[in-house]
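Here is what each chain is made of, one letter per residue.
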Amino acid sequence: MSTSSKTSFLENVNLSFDRAAKALDLPDGLCQQIRTCNAICEVKFGVKLRGRYEVFTGWRATHSEHVLPVKGGIRYATFADQQEVEALAALMTYKCAIVNVPYGGSKGALKIDPRKYNEEELERITRRFTQELDKRGFIGPGLNVPAPDMGTGQQMMSWIADEYQKLHPNDINARGCVTGKPVNFGGIQGRTEATGRGVQFGLQEFFRHPEDVRKAGLEGSLEGKSIVMQGLGNVGYHAAKFLQEEDGAKITAILERDGAIVNDNGLDVETVAAHLLETGGVKDFPGAEYFEDGATLLEKECDILIPAAMEGVIHQDNAERIRTRIIAEAANGPVTFEADNILRERGVAIIPDAYLNAGGVTVSYFEWLKNLSHVRFGRLDRRYEEAQGKAILDVLEEALGKPVSGPARDSLMVGPSELTLVRSGLDDTMREAYREIRELLLSNDKIKDLRTAAFGLAIQKIADIYKSMHL
Ligand code: NAD
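Residues numbered from 1 in each chain as written. Predicted model: local features only at pLDDT ≥ 70, side-chain atom pairs only at ≥ 80, totals over all residues. Heavy atoms only, no water.

Asks: If you had to explain the site of the ligand to someone new, which residues and values would you point to?
Replies: Lining the immediate environment of the ligand, one finds 22 residues, of which Arg-75, Thr-195, Val-235, Glu-256 and Asn-332 sit closest. Within the contact set of the ligand, an oxygen atom lies 2.9 Å away from a side-chain nitrogen or oxygen of Arg-75. At a separation of 3.0 Å, an oxygen atom of the ligand approaches a polar side-chain atom of Arg-257. Starting from 830 Å² of accessible surface for the ligand in isolation, the protein chains cover 83%. Where the shell around the ligand is concerned, the elements lending two or more residues are helix H8 (234-247) and strand E7 (250-256). Residues belonging to the shell around the ligand are distributed by class as follows: 9 nonpolar, 8 polar and 5 charged. The residues that make up the shell around the ligand include at least three from each of domain 1 (36-184) and domain 2 (188-381 + 416-471). (Near = heavy atom within 4 Å. Polar contact = N/O pair within 3.5 Å; in protein donor to acceptor, adjacent residues only side chain to side chain. Areas by Shrake-Rupley, 256 points an atom, 1.4 Å probe, with all protein chains shown as cover. Helix = DSSP H or I, 4+ residues; strand = E, 2+ residues; numbered from the N terminus. Nonpolar A, V, L, I, M, F, W, Y, C, P; charged D, E, K, R; others polar. Domains from an automatic or database assignment.)

Here you go:
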């Protein structure tokens, strides 16, 4: 749903792909094979609601099956269409390759405004959508595994899992047919926060490289950096909260559907989120200036701009006026290809979506592994590690002749919980992926920016798999 772009979202993704492919030396036709969307199904189904039949349209695209299952969210939105689903599925393929998650890319959508339906109606619609996907082989723990995206969440994922389980009662791994489920229904600790947490870890890693920070025209750490945030939904809320509370960044503007609020001394994310929940918008938030035309605040001067709402918001018409040093793409496709070119010329560092918002799929991967292994992470080794920590502490205290106290004692005395392990696995994933992207950027002189390097990395990894298969 690009606001002002000559090219569609799908074309934007393909143009970024082509730019990266040109910098690599790959056999003829292989890039075309990687770029092509393998399969897409459109379903139309009627559900009897409020005494009449209503027909819904949905899609599920399988972009690449170089590894199985394929993975990607399902979004519920009125503006959803087939091209957008294909673009998002392609991004999923590249994203999974970048962060070394062994999945092909997929994506799904239902053209619906979820706010117009009550819970019971949404459940019936979602269960019916699941049946349609199942009939056509577009869902299954070894085949195609959806997750939440815009307009969907935990509740819907548990309806999908339950429906799939009913359709496949003998499949012991049935719950692994979808991720982002509630923890009491096969989900994993830390999944809800995962994408926002990944944005935080990705930014932390960027700031661990002083040359990259200097190239963007900044210095130092995240502490005190001013951030403009668009979208305070699942991704935006968690990213803003962690960056403020744990890294000391300052959220100077929050842009939402109904406008934007600004306070150069910093907005308290928790209080704004509570106001948003209560009133449905940011208007009338005390202690901040309100602007009705929220999108113009994308142009507010800041150190880091984080679009976390939707695609196409930074385009050829506003790219020249964007006054930030870093764009951290928490949303999928927020910067169009034309805008990307303008911003690159201007030296703005763009940390690309295909890397930065991969936290969701990474933790979804952990959830899927948990479903297949039928055991909670940490269940076998938590107490064992606690006992080892205690033994080390005893030796230390004996050698020192005094008790050890404070955080050192706490960390030695506590074995890892599922949440600790999930966060640690996600942090490691985001650090490693950034380092791999950076290595390619520094070693290939045809590659000039992080997005091209990220796409190049994905293409190279997928090409290697195809070459191994001798296809
Ligand atoms: P969400 O529905 O929870 O939140 C989106 C937020 O953006 C809402 O608060 C909404 O009011 C706001 N918004 C919508 N239109 C806006 C506009 N024009 N201006 C300002 N604010 C607007 O969705 P989400 O899950 O947080 O996803 C946000 C983006 O992140 C999407 O691009 C999605 O594809 C991407 N993403 C999400 C995940 C995930 O795990 N949820 C993972 C990867 C990428």
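Asks: Describe the sheet that holds strand E9 (residues 289-291), naming the residues involved and giving the relevant values.
Replies: Reading across the sheet, the 7 strands line up as E9-E8-E7-E6-E10-E11-E12 and stay open at both edges, with mixed pairing between neighbours. Among the strands making up the open sheet, the edge pair consists of E9 and strand E12 (349-351). Geometrically, the sheet is characterised by an average inter-axis angle of 20 degrees between neighbouring strands, direction not taken into account. The sheet strands contacting helix H6 (residues 194-206) are strand E10 (302-307), strand E11 (324-328) and E12, and the helix crosses E12 at an angle near 140 degrees. (Pairing = 2+ DSSP bridges. Axes fitted to C-alpha atoms, helices over the stretch in contact; angles between N-to-C directions. Contact = heavy atoms within 4.5 Å.)

Asks: Summarise the pairing of E10; cite the residues concerned and give the values.
Replies: Where burial is concerned, most of E10 is hidden: 6 out of the 6 residues are buried. The pairing of strand E6 (residues 226-230) with E10 spans 4 bridges and is classified as parallel. Residue pairing for E10: Val-228 is matched across the bridge by Leu-305. Both E10 and E11 contribute to a ladder of 3 bridges, which runs parallel. Within E11, the position partnered with Leu-305 by the bridge is Ile-327. (Buried < 20%, exposed > 50% of the residue type's maximum accessible area, 1.4 Å probe, protein only.)

Asks: Go over the packing of aromatic side chains, please, and point to the residues and values.
Replies: Counted under the stated rule, the structure contains 11 aromatic pairs. Ring geometry for Tyr-103 and Trp-368: centres 5.3 Å apart, planes at 70 degrees, overall edge-to-face. You can see Tyr-103 sitting in the loop between helix H3 (82-98) and strand E4 (104-111) and its partner Trp-368 sitting in helix H12 (residues 359-373), a full 265 residues away along the chain. An aromatic cluster is present here, built from Phe-45, Phe-56, Tyr-117 and Phe-129 joined pairwise through their rings. Here Arg-175 stacks its cationic end above the ring of Phe-185, 4.1 Å away from the centre of that ring. One cation-aromatic arrangement involves Arg-197 over Phe-242; the distance from NZ or CZ to the ring centre is 3.6 Å. (Phe/Tyr/Trp six-rings, centres within 6.5 Å; stacked < 30°, edge-to-face > 60°. Lys NZ or Arg CZ within 6 Å of the ring centre and 35° of its normal.)

Asks: Account for the pattern of salt bridges, with residues named and values stated.
Replies: Following the criterion strictly, the structure yields 40 salt bridges and no others. A salt bridge links Arg-75 to Asp-149, with the shortest nitrogen-to-oxygen separation between them at 2.8 Å. Taken together, the residues span a long stretch of sequence, with Arg-75 in strand E3 (residues 70-77) and Asp-149 in the loop between strand E5 (144-148) and helix H5 (154-167) at a distance of 74 residues. In this pair, the class of Arg-75 matches that of Asp-149, namely buried. Note that Arg-451 and Asp-353 form a salt bridge whose closest N and O atoms lie 3.7 Å from each other. Placement of the pair is Arg-451 in helix H16 (residues 450-469) and Asp-353 in helix H11 (residues 353-356), with a sequence separation of 98 residues. The pair Arg-451 / Asp-353 is uniform in exposure class, with both members buried. Overlapping salt bridges bring together Arg-19, Glu-329, Asp-340, Arg-344, Asp-353, Asp-449 and Arg-451 as one network. (Salt bridge = Lys/Arg side-chain N within 4 Å of Asp/Glu carboxyl O.)

Asks: Kindly report on the domain arrangement of the protein, identifying the contributing residues and their values.
Replies: We note that the domain assignment places domain 1 (36-184) and domain 2 (188-381 + 416-471) within the protein. The centre of domain 1, based on its C-alpha atoms, is set 24 Å off from the matching centre of domain 2. Of the roughly 3,000 Å² buried between domain 1 and domain 2, counting both surfaces, carbon and sulfur atoms make up 63%. At the surface where domain 1 touches domain 2, the tally comes to 2 salt bridges. Glu-367 serves as the salt-bridge partner of Lys-181, at 2.8 Å between the closest nitrogen and oxygen. Those elements giving two or more residues to the side of domain 1 that touches domain 2 turn out to be E3, H3 and E5. (Buried area = accessible area lost by both parts, 1.4 Å probe.)

Asks: Give me the lowdown on the packing of H12 against helix H15 (residues 418-443), citing residues and values where you can.
Replies: Packing of H12 against H15 brings their axes to within 10 Å, and their N-to-C directions diverge by 130 degrees. In this view, H12 runs oblique relative to H15, as classed from their interaxial angle. Considering the relative orientation of H12 and H15, their crossing is right-handed. In this structure, H12 contributes Gly-359, Thr-362, Val-363, Phe-366 and Lys-370 to the contact, and H15 contributes Glu-418, Val-422, Gly-425, Leu-426, Thr-429 and Met-430. Taken together, the residues of the contact of H12 with H15 sort by class into 5 nonpolar, 4 polar and 2 charged. (Parallel < 35°, antiparallel > 145°, perpendicular 65-115°, else oblique. Left-handed = near helix turned anticlockwise from the far one by under 90°.)

Asks: Can you lay out the sheet that holds strand E2 (residues 52-62) for me, pointing to particular residues and giving the numbers?
Replies: One open sheet holds the 5 strands; their spatial order is E1-E2-E4-E3-E5, and the pairing between them is mixed. On the outer flanks of this sheet lie strand E1 (39-49) and E5, each paired with one strand and no other. Along the sheet, successive strands turn relative to each other by an average axial angle of 25 degrees, direction set aside. As paired elements, E2 and E4 share 5 bridges and run antiparallel to each other. If you follow Ala-61 over to E4, its bridge partner there is Lys-107. Against the sheet, helix H4 (residues 119-135) contacts E1, E2, E3 and E4, and its axis sits at roughly 140 degrees relative to E1.

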